[in-house]
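Letter by letter, the chains look like this.
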Amino acid sequence: MHSFLRAYPTEAKLLVVLILISIGLSLASPDFLTLVNVTSLLNNNAVNVIWAVGLLVVLIAGGIDISFAVAASVVQYLCVYAFAAIGGGNWAIGFLFAGTFGLALGLINAFLIHQFRIISIVVTISTFNAFFGLLMFFSSGRFLYNLPSWWSSRVILWEYQTASGTWAELILPVAVMAAAMFATWALIRRTTTGRQLYAFGDNPEGARRAGISIGRMQAIAFGWSGMMAGIAGLMQTHITKEVVPNALIGRELEVLAAVVLGGARLGGGRGSVLGCFLGVLLVAVTQNGLNLLGVSPYAFKMVVGIIILLAISTSNLDPSRLFRGAAK
């Protein structure tokens, strides 16, 4: 336990806060800690987690990406027309196309950042507006509902009928979320490239002098974020069974806040998949609890802001000391 707390202090704090909030909400609302609500939380936030692990790699490398939600929307439209052109497709082709389209958009960000030596937040804000403007221009804001059956048909991985007659189920995006988390963990923790990403984010000049290619690191980081954005867009369409050009816009800061809350440092060189997942889960649980309690949705941003402020202000506390003190 002590070794976990020393290795993952932020994640340990988040886990404790998440448990305390969950206990409080379960006492305040009998509908919170139910199998139906828990599985619904996982289903509804799978897309945010996929986005988050992509963004995590960018933050570890010392960058920031604001364009991933728009990239997901662009990929959705590109996929609709690509699938129509090849006569329908299937899930294997779907993941291939979505990942490739997203990767290409991410590499555009990396190219602009590296080629013109512009800070990433400026570039991704610019591409956010450029991608969205082009999407609205070419799509004319049309909603698309005529999707291939394999894409729109609900894929249920597991289901269970509760005593009340309601169904608890886990759907395909949850499995894709788990795969995205594992792939990102493997990239940043089990490869030389991952170690280079941490080194580059922590000390770019030192990494450059050590022979690490700046352009390669930026391409991998933003390419990974773009690929995850594309896959998340594919999953969002599977959930909603429609493609809407502006449906995903506005979720960027929520995901960014969750990743930072999970321990990723805006200056680079720090972050973990576990912390990323817990950060998204904490934001989701807070929002879900407020909804169940009938609190105005306008209060959600305020509450999340307070949680983030508390997390940042207590970032220097060492949870392992608390446990050692309690053990004495």
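Refer to the structure presented above.
Since the structure is predicted, the reported quantities are computational estimates derived from the model, not experimental observations.

K.L.:
Looking at this structure, how should I read helix α5 (residues 91–116)?
P.N.:
Since there are 3.6 residues in each turn of an α-helix, residues three or four apart along the chain are aligned in direction. Here α5 spans 37 Å end to end across 26 residues, near enough to the 38 Å set by a 1.5 Å rise per residue. Turning to α5, its buried residues are W91, G94, A98, G99, G102, L105, G106, N109, A110 and I113. Of the surrounding secondary structure, the elements contacted by the buried residues of α5 are α4 (68–86), α6 (120–139), α7 (149–152), α8 (172–189) and α11 (214–240). Between the side-chain oxygen at the start of α5 and the backbone nitrogen of A92 there is a gap of 3.1 Å, and the oxygen is on N90. Of the residues one or two after α5, R117 is the one with positive phi, at around 55°.

K.L.:
What is the right way to read α8 from this model?
P.N.:
With 18 residues, α8 should reach 26 Å at 1.5 Å per residue; the first-to-last C-alpha distance of 26 Å fits that figure. All buried positions along α8 are accounted for by L172, P173, V174, V176, M177, A180, M181, T184, L187 and I188.

K.L.:
Would you mind showing me how to read the environment of S139 here?
P.N.:
Position of S139 among the secondary structure elements: in helix α6. C-alpha of S139 to C-alpha of T127: the two residues are 12 residues apart in sequence and 17 Å apart in space. There is a polar contact of 2.6 Å between the side chain of S139 and the backbone oxygen of L135.

K.L.:
Help me understand a nonpolar patch on the surface in this model?
P.N.:
A cluster of nonpolar residues, F111, F116, I118, I119, I121, V122 and I125, forms a patch on the protein surface that exposes about 620 Å² of accessible area. Where the nonpolar patch is concerned, the elements lending two or more residues are α5 and α6. If you tally residues by element for the nonpolar patch, the top one is α6, at three residues. Structurally, the position occupied by I125 is in helix α6.

K.L.:
I would appreciate a short explanation of the pairing of strand β1 (residues 156–161) in the present structure.
P.N.:
Successive residues of a regular strand alternate their side chains across the two faces of the sheet. Sheet topology places β1 next to strand β2 (residues 167–171); five bridges connect them, and they run antiparallel. Looking at β2, one finds that Y160 is bridged to A168. Between β1 and the antiparallel strand that follows it, β2, lie five residues; G165 among them carries a positive phi value of about 95°.

What counts, and where the lines are drawn
- Residues numbered from 1 in each chain as written.
- Predicted model: local features only at pLDDT ≥ 70, side-chain atom pairs only at ≥ 80, totals over all residues.
- Heavy atoms only, no water.
- Helix = DSSP H or I, 4+ residues; strand = E, 2+ residues; numbered from the N terminus.
- Expected span 1.5 Å × (residues − 1).
- Buried < 20%, exposed > 50% of the residue type's maximum accessible area, 1.4 Å probe, protein only.
- Contact = heavy atoms within 4.5 Å.
- Polar contact = N/O pair within 3.5 Å; in protein donor to acceptor, adjacent residues only side chain to side chain.
- Patch = residues over 30% accessible without salt bridge, like charges linked within 9 Å, V, L, I, M, F, W, Y side chains within 5 Å.
- Areas by Shrake-Rupley, 256 points an atom, 1.4 Å probe, with all protein chains shown as cover.
- Salt bridge = Lys/Arg side-chain N within 4 Å of Asp/Glu carboxyl O.
- Pairing = 2+ DSSP bridges.

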